[in-house]
There are 2 protein chains.
Amino acid sequence: VRRLVLTVAIAAFSVSSAYAVEGMWQPAQLPKIAGMLKQHGLKLDPATLTDLTAYPMGAIVSLGGCTASFVSAEGLVVTNHHCGYGALQYNSTPQNNLIEKGFLARTHAEELQGSPDMRVFVTEDIRDVTADVTAKLSAGIDPLARYKTIDLAKKALVKACETDGYRCDVYTFHGGYSYQLIKQMEIKDVRLVYAPPESIGKFGGDIDNWMWPRHTGDFSYLRAYVSKDGKSATYSKDNVPYHPKHVLTVNPQGVEEGEYVMVVGYPGRTNRYRLADEVKSSIDWVYPTQIKIYQDTLDIIAKNGKTNPDVTVKYANTVAGLNNYLKNFGGQLEGLRRADAVAVKQRQEADMEAWLKSRGGTGNLALVADIATLRSKLAQYQATRERDLDLNLLSRVSLYSSGVRLVRLSHERAKPDMERETGYQQRDEVRIESALAQMGRRYDPKVDQQLMVYALNRYVTLPAEQRVPALDAWLEGARTPAAVSAKVAALYAGSKLGDTTNRMRWFKADAKAIEASNDSMLKLAAALVPELKKLEDEQDTRDGEMARLRPRYMEAMIAWRDSLHLPVYPDANSSLRVTFGNVQGVAPRDGVTYAPFTTAEGIVEKNTGVEPFNAPEAEIEAIRAKAFDGYASKKQGTLPVDFLADLDITGGNSGSPSLDSQGRLVGLAFDGNWESVSGDWLFNPKLNRSIQVDVRYMLWVMHHIDHADNLLKEMGVPTN
Amino acid sequence: VRRLVLTVAIAAFSVSSAYAVEGMWQPAQLPKIAGMLKQHGLKLDPATLTDLTAYPMGAIVSLGGCTASFVSAEGLVVTNHHCGYGALQYNSTPQNNLIEKGFLARTHAEELQGSPDMRVFVTEDIRDVTADVTAKLSAGIDPLARYKTIDLAKKALVKACETDGYRCDVYTFHGGYSYQLIKQMEIKDVRLVYAPPESIGKFGGDIDNWMWPRHTGDFSYLRAYVSKDGKSATYSKDNVPYHPKHVLTVNPQGVEEGEYVMVVGYPGRTNRYRLADEVKSSIDWVYPTQIKIYQDTLDIIAKNGKTNPDVTVKYANTVAGLNNYLKNFGGQLEGLRRADAVAVKQRQEADMEAWLKSRGGTGNLALVADIATLRSKLAQYQATRERDLDLNLLSRVSLYSSGVRLVRLSHERAKPDMERETGYQQRDEVRIESALAQMGRRYDPKVDQQLMVYALNRYVTLPAEQRVPALDAWLEGARTPAAVSAKVAALYAGSKLGDTTNRMRWFKADAKAIEASNDSMLKLAAALVPELKKLEDEQDTRDGEMARLRPRYMEAMIAWRDSLHLPVYPDANSSLRVTFGNVQGVAPRDGVTYAPFTTAEGIVEKNTGVEPFNAPEAEIEAIRAKAFDGYASKKQGTLPVDFLADLDITGGNSGSPSLDSQGRLVGLAFDGNWESVSGDWLFNPKLNRSIQVDVRYMLWVMHHIDHADNLLKEMGVPTN
């Protein structure tokens, strides 16, 4: 359920199960599939969903990694508990642990400032810029030039678009088949309004993560603030609540089994159009290798944590993240195996190519040839995957990466802004500065050294032609773990980048000063950066090749599916999408059936009193007494907690509103079931389900447990 | 699924779910509950089930820890794969691993001798001997005398009953409310006939152990051999197949959802009539303490196994057993918590006592007083539970226990047989000799020492008044782990009991010779035995107290339940029982439903190719091709593998035949679901289910995969 970390994608299929509707649709695509939307039960005119400034789209926002929605004219925002977690963390102390206790502001004055990096992004405009981006691409342009031309065009579009308080980004669809410029208002003053205690908001914790049946009350409330004149502004006492153009209406009756439901949000990334060879490589190499590395990393941290409790605290988030990934990777492998994914993809590719060949003509045969080239390029990239991985591991070492980053920044700063590397432009400096400033919060020199030794121990086994000369020069022939350890120990002894004041001084320094430094890590970084740049050029060349070949593959795919009267939606890319389907249970495996709803009684059943199954006593008593205050489902005869729907979501959709057939709020998406983990690669209509917290459970917890009637009133929900 | 280890008990409840039928019934009780049997679907006359020499009871046998049945006139026996496992192990070598490959004898000549300790026990007579056992108990007899009187009466009954080739035992029911003398023919030549490969017979392994949905083909075939004149005899080439009086008829159509099914077998032990205080102590102390000890023990073995692969081999069974227990204990704790077992038991006791008091009269009030005494005695015993546990841990140390056993045996041998301690009589010497001879197969001196140190490190923290003077004297004040380790190291250095030849020489020696020995372990044992004897007398005194008080509790329980028109069955005690119910799925928790059958498709779904999910390729192909050869269920449209029934079974029932309404074989019980693990303590009609392998899956594997048509023919099953 971690935002961005969650790489779950869920599939949708028809109520009639006559045909399945997989898809994360761009709002503009919806009129084209109006028939399917109606068949599944949508009562709104699909055309209204294409207007980002109308109801309901105008109420839906991004938190950057999560989705949320406005639910009052005073800028009240509802999202997942795990999406508002940062605000709870920021305001918690051991003496006053808001994560544990939960929090409720009864007045605006009681609301707490969120962490400074919290944002609410209100999408105001989406514009196709494919022509602008590709205008200067000549037919025979070489791959690196192609990459640079595209990159420059994107930067120019962003620069022309961004004004104070707004953020613009060019989003790539179908690997470069089309591009969109998206303009979002960036609200920077985001405050914590309400969150239930962790024992509700994170009930089931990591054990239930990605699992059904689920009983998590994964919701919380924030508020967007702007300056008095309605503009984006950083936190200030004088700021006032933002007045959104649209606000979701709450349907306190929720939805029942079989009813229409849709989720609108910002899914992060899927791999639905990857080739069979890529799936195979993920199964055979990527996931198994990452699993080993993550386990080894956890071992290193655990070992150090035994003698140094400080390590346990500093790496708690890292450990949680690694464990989350490990569980995810296990799910990916299991799902891809069960789906026989490689064979499925191979068949699909064979069918598509057979169709192209059967149609014939220069155009189609050129597509076939380009697909063959794509396949051989992908095979070629695999030759250096070990090296790419090892350098990536190295870049996760804090002291090393801060050194490289400081050197890189000093080089880029010398250039005009438009010529700077993406990620090192003026607009990026605030983020770089903040990352460098906060490094110490997650850094232990001993652990960091051991992680560097670990990465280098892998690196030294690479074939000679793949090694980085400057790194080899620094290693001075060290090949054994002991020799590598000694080199790294000396490196850390000679560097003061671990000291925050020192590090921030270097952030301000120019290239000359850095070059003259005798800090051992800066010296190593200075020697390495030119060679890393060369490797980056190689990567840019690859990206340039892919920017030509992937759109060609998609061109074929779209034509082929078009011939079968099947629409094509783009892979998720953090842009706004709509997915629709119905409330529906699932038969996850032989002999097992899951109901579409969990109930309050299930909380009592799971409750052990021990975290993460430690529901508040008041809640357990209320459930035992069936004190549901009118929020229970009449059809079910009890209070629903979470529900399943056959929607197609993935990480980034966390916090997305679930809307009923009339576009009213009936829940919040927060996870997918275990069987959907591999859905990022391959849609499975029989198994993939999204998990939502039911609006009835949200309202009941707010009213009965936390007495947040002020918010219910603000949202226009009658209190029973 | 380990025999005897499995402490699962399953509950039965009515199809109409109007009322539940919990119970492991003695055959003689069945006519009393004939109405219930018929209501659930039994078509046979219940009276026929009381005759042990008639069909079907005459076909059902004990393997000592497992149950089995005769399925051909030539002594062919069917049981679980895990019950025949010893025979596979005994005949396997690294070069010819029958466990892995499976085994099929196509002729009698090809059948393999089972391990020498394998037995088939054919129950020939059950006789109530309560009057004989209790005849000499005077009213005011003190507890130790009560114990000894009962013990002597039991030994006398056994002695009078046992003849060559027969085994007799007195079974205690309801803690001493009644006693039965059971006479069994002891068949000693048991041969391996057929077992599927482990990838079928143990498919799912420890991961699926105690779990549903299950896809295990847990069955195998043995054959009972006797001398030419039909008598019990040890293995000989000249022996001939045993001709049982009755043989189960196979119903190759199996049973379907809702249909009647019953299981006949030898359940080992349940605690259904334990007091609330005992349940509470198990939750608060017994299980948590055992979990810690088992984990520590596993750590000791694992640590030694890292440097010594021999340890891993020798302790493989121990490790499997400990892990099995650990999983079981987790299930016990979870189930007892979910059932709120202490509160349930407390309410039951309060109701029963209120009923007794409301009826009044000296008799009833005396029962109330005795129940109070029982409760206070149990509380009193808890005072020394740590010591009892520590000495028990010590007795699991191989070198120590062989020393104590040799000394004990030498003392007991000096007495007339009837005066010897139970377990040290002439009839027990073969077993003691075999245990001593085989000690080396599961013994590593370093691990053994560390286990002794572990037990002693606990022991030295006991309060002074609970310690054993002779043990303290030997410890010479050692209290720290280092000091205790040094003492133990010296002990092992000074003993040659680790050497089998030497140990077996001492087995033949008399008390004088042992006393004169300067073997350090024998010297310690000689010093300890008199004090251990004293502690045993204490234990015998407790047993004597319980032998009076538990029957009084049961007297009250029976009277109370009688007043509610509820029959009472005795706790399991390894004697023959019948449990009945219906094929039925289960809703194990909120949001989840389990079907009553798993199907062949589920094997493909679970199959990863990696043990324990590595079904034979031929099986996977056959299932994909739906080559079910007529064994599939017409109703289900596919081949069923395992099925659930609401029967009341526990460890010892493994291998028990599941019989249909006409007493025909339709499957073999081999496990219970996770929710039934705590059923040993408390019956839960909603959650407890037994797991059976379906006869249709057995027959299909035999025919299609392993081509065991010779056995199908022998069993009178038409091959499709």
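Because the structure is a prediction, the values reported are computed rather than measured. (Residues numbered from 1 in each chain as written. Chains lettered and ligands numbered in written order. Predicted model: local features only at pLDDT ≥ 70, side-chain atom pairs only at ≥ 80, totals over all residues. Heavy atoms only, no water.)

**Focus on the overall build of chain A**
In terms of regular secondary structure, chain A is built from 25 helices and 20 strands. Since a compact globule built from 720 residues should have a radius of gyration of about 27 Å, the 26 Å found for chain A is in line with a globular shape. For chain A, the proportion of contacts with a sequence separation of at least 24, taken over those separated by at least 6, is 78%. Of the roughly 28,700 Å² that chain A leaves accessible, carbon and sulfur atoms contribute 53%. Between the averaged position of the 85 positive side-chain charges in chain A and that of its 88 negative side-chain charges there is a distance of 3 Å. (Helix = DSSP H or I, 4+ residues; strand = E, 2+ residues; numbered from the N terminus. Rg over C-alpha atoms; globule rule 2.2 N^0.38 Å. Contact = heavy atoms within 4.5 Å. Areas by Shrake-Rupley, 256 points an atom, 1.4 Å probe, with all protein chains shown as cover. Lys, Arg positive; Asp, Glu negative; His and termini not counted. Charge placed at Lys NZ, Arg CZ, Asp CG, Glu CD.)

**Some words on the state of the cysteines**
Taken as a whole and judged by the stated rule, the model has four disulfides over all chains. At a sulfur-sulfur separation of 1.9 Å, the disulfide partner of C161 of chain A is C168 of chain A. Between C161 of chain A and C168 of chain A, the S-S dihedral sits near -60 degrees, and the bridge is therefore left-handed. The exposure classification of C161 of chain A matches that of C168 of chain A, with both residues buried. One disulfide bridge connects C66 of chain B with C83 of chain B, the sulfur atoms lying 2.0 Å from each other. Note on the C66 of chain B and C83 of chain B pair: the S-S dihedral is about -75 degrees, so by sign convention the disulfide is left-handed. Of this pair, C66 of chain B sits in the loop between β1 (60-62) and β2 (67-70) while C83 of chain B sits in the loop between β3 (76-79) and α2 (85-90), and the two are 17 residues apart along the sequence. For the pair shown, C66 of chain B and C83 of chain B are each scored as buried. (Disulfide = S-S within 2.5 Å. Buried < 20%, exposed > 50% of the residue type's maximum accessible area, 1.4 Å probe, protein only.)

**A few points about the relation of the copies chain B and chain A**
For the pair chain B and chain A, the best superposition has an RMSD of 0.1 Å and corresponds to a rotation of 180 degrees with a translation of 0.2 Å parallel to the axis. What we have between these two chains is a two-fold relation. Relative to the rotation axis, the C-alpha of T593 of chain B is the closest in chain B, positioned 2.5 Å from it. Both copies share a contact surface, since 100% of the interface residues of chain B are interface residues in chain A too. (Least-squares fit on C-alpha atoms with pLDDT ≥ 70 in both.)

**Some points on the pattern of salt bridges**
A full pass over the atoms with the stated rule returns 92 salt bridges over all chains. As a salt-bridge pair, R696 of chain B and E256 of chain B come within 2.8 Å of each other at their nearest N and O atoms. Residue R696 of chain B is found in helix α24 (residues 695-705), and its partner E256 of chain B is found in the loop between β11 (240-241) and β12 (260-265); the two are separated by 440 residues along the sequence. Linking R548 of chain B and D370 of chain B is a salt bridge whose minimum nitrogen-to-oxygen distance equals 3.3 Å. Residue R548 of chain B is found in helix α21 (residues 520-563), and its partner D370 of chain B is found in helix α12 (residues 361-382); the two are separated by 178 residues along the sequence. Residue R548 of chain B is classed as partly exposed on the basis of its relative accessible area, which comes to 34%. Shared partners join several salt bridges into a network, and the residues in it are K159, R413, D417, R420 and E429 of chain A. (Salt bridge = Lys/Arg side-chain N within 4 Å of Asp/Glu carboxyl O.)

**Quick notes on the sheet that holds strand β16 (residues 597-599) of chain B**
Paired through their backbone hydrogen bonds, the strands of a sheet run either parallel or antiparallel. Residue and element names in this part refer to chain B. Taking strand neighbours across the sheet as the criterion, the seven strands line up as β13-β12-β18-β19-β20-β17-β16 in an open arrangement whose pairing is antiparallel. Two strands close off the open sheet at either side, each with one partner strand: β13 (577-582) and β16. Each strand axis lies, on average, 30 degrees off the axis of its neighbour in the sheet, ignoring direction. Pairing between strand β18 (residues 657-659) and strand β19 (residues 665-672): three bridges, direction antiparallel. Looking across to β19, one finds that L659 is bridged to L665. In the packing of α24 onto the sheet, the strands contacted are β16, β17 (640-645), β19 and β20 (690-694), and the crossing angle to β20 comes to about 35 degrees. (Pairing = 2+ DSSP bridges. Axes fitted to C-alpha atoms, helices over the stretch in contact; angles between N-to-C directions.)

**Describing the sheet that holds strand β13 (residues 577-582) of chain A**
Residue and element names in this part refer to chain A. Taken in spatial order, the seven strands make up an open sheet running β13-β12-β18-β19-β20-β17-β16, and their pairing is antiparallel. Strands with a single pairing partner mark the edges of an open sheet, and in this sheet they are β13 and β16 (597-599). Shown here is a sheet whose adjacent strand axes are inclined to one another by a mean of 30 degrees, direction ignored. The sheet contact formed by strand β19 (residues 665-672) and strand β20 (residues 690-694) spans five bridges and is antiparallel. Bridging from a neighbouring strand, L668 pairs with V693 of β20. Together, β16, β17 (640-645), β19 and β20 form the strand contacts of helix α24 (residues 695-705), whose direction differs from that of β20 by roughly 35 degrees.

**Concerning the pairing of strand β12 (residues 260-265) of chain A**
Residues and elements named next belong to chain A. Most of β12 is tucked away, with six of its six residues classed as buried. Both faces of β12 are covered, namely the face carrying Y260, M262 and V264 and the face carrying V261, V263 and G265. Judged from the six bridges that link them, β12 and β13 form a sheet pairing that is antiparallel. Bridge pairing in β13 places G265 opposite R577. Two strands pair when backbone bridges link them, and β12 and strand β18 (residues 657-659) are joined in this way by two bridges, in the antiparallel orientation. Bridge pairing links V263 to S658 in β18.

**Section: the interface of chain B and chain A**
Each partner contributes residues to the interface: chain B has 20 residues there, and chain A has 20 residues. Where chain B abuts chain A, roughly 1,500 Å² becomes buried across the two surfaces, and 42% of that area is made up of carbon and sulfur atoms. The interface formed by chain B and chain A includes two salt bridges. The salt bridge involving R338 of chain A is made with E605 of chain B; its shortest N-O contact spans 3.8 Å. Our enumeration of links across chain B and chain A arrives at 12 residue pairs in polar contact (both at pLDDT 80 or more). (Buried area = accessible area lost by both parts, 1.4 Å probe. Polar contact = N/O pair within 3.5 Å; in protein donor to acceptor, adjacent residues only side chain to side chain.)

**Description of the packing of aromatic side chains**
Residues and elements named next belong to chain B. In total, this model carries 30 aromatic pairs over all chains according to the counting rule given. Pairing F628 with W700 gives two aromatic rings, centres 5.8 Å apart and planes at 75 degrees, and the pair type is edge-to-face. One end of the pair, F628, is in the loop between α23 (617-624) and β17; the other, W700, is in helix α24, with 72 residues separating them in the sequence. W700 shares its class with F628; the two are buried. (Phe/Tyr/Trp six-rings, centres within 6.5 Å; stacked < 30°, edge-to-face > 60°.)

**Observations regarding the nonpolar core**
With 177 residues, the main nonpolar core has Y221, W700 and M702 of chain A together with Y221, W700 and M702 of chain B as its most contacted residues. Not counting chain neighbours up to four residues away, the residues in contact with W700 of chain B comprise E619, A622, I623, A627, F628, D629, Y631, L639 and I705 of chain B. (Core = buried A, V, L, I, M, F, W, Y, C linked by side-chain atoms within 4.5 Å.)

**Details of the pairing of β3 of chain B**
Residues and elements named next belong to chain B. Burial along β3 is two-sided: L76 and V78 facing one way and V77 and T79 facing the other are all buried. Sheet analysis places β2 next to β3, joined by two bridges and oriented antiparallel. Bridging from a neighbouring strand, S69 pairs with V78 of β3. Turn length for the β2-β3 hairpin, with the two strands adjacent in sequence and antiparallel, is five residues, and the turn residue G75 shows positive phi of about 75 degrees.

**Some thoughts on the confidence of the model for chain A**
Residues and elements named next belong to chain A. For chain A, the mean per-residue pLDDT works out to 94, and 97% of the residues sit at or above 70. In this model residues 1-20 is a low-confidence stretch, pLDDT under 50, and it forms 97 contacts with partners more than four residues away in sequence or in other chains. With a pTM of 0.88, the predicted complex shows an ipTM of 0.85. (pLDDT = per-residue confidence, 0-100.)

**Some points on the packing of helix α15 (residues 426-438) of chain A against helix α19 (residues 500-508) of chain A**
Any two packed helices are characterised by the angle at which their axes cross and by the distance between the axes. All names here are of chain A. At a minimum axis separation of 9 Å, α15 and α19 run at an interaxial angle of 160 degrees. Regarding the angle of α15 to α19, the classification is roughly antiparallel. Every pair of crossing elements has a handedness; the one defined by α15 and α19 is right-handed. Taken together, the residues of α19 that come into contact with α15 (itself represented by E429, I432, E433, L436 and A437) are T500, R503, M504 and F507. (Parallel < 35°, antiparallel > 145°, perpendicular 65-115°, else oblique. Left-handed = near helix turned anticlockwise from the far one by under 90°.)

**A short note on α24 of chain A**
All names here are of chain A. Burial runs high along α24: 10 of the 11 residues are buried. Residues V695, R696, Y697, M698, L699, W700, V701, M702, H703 and I705 constitute the buried set of α24. Capping of α24 at its N-terminal end is provided by D694; its side-chain oxygen lies 2.8 Å from the backbone amide nitrogen of R696. Directly beyond the C-terminal end of α24, a positive phi value near 55 degrees is found at H707.

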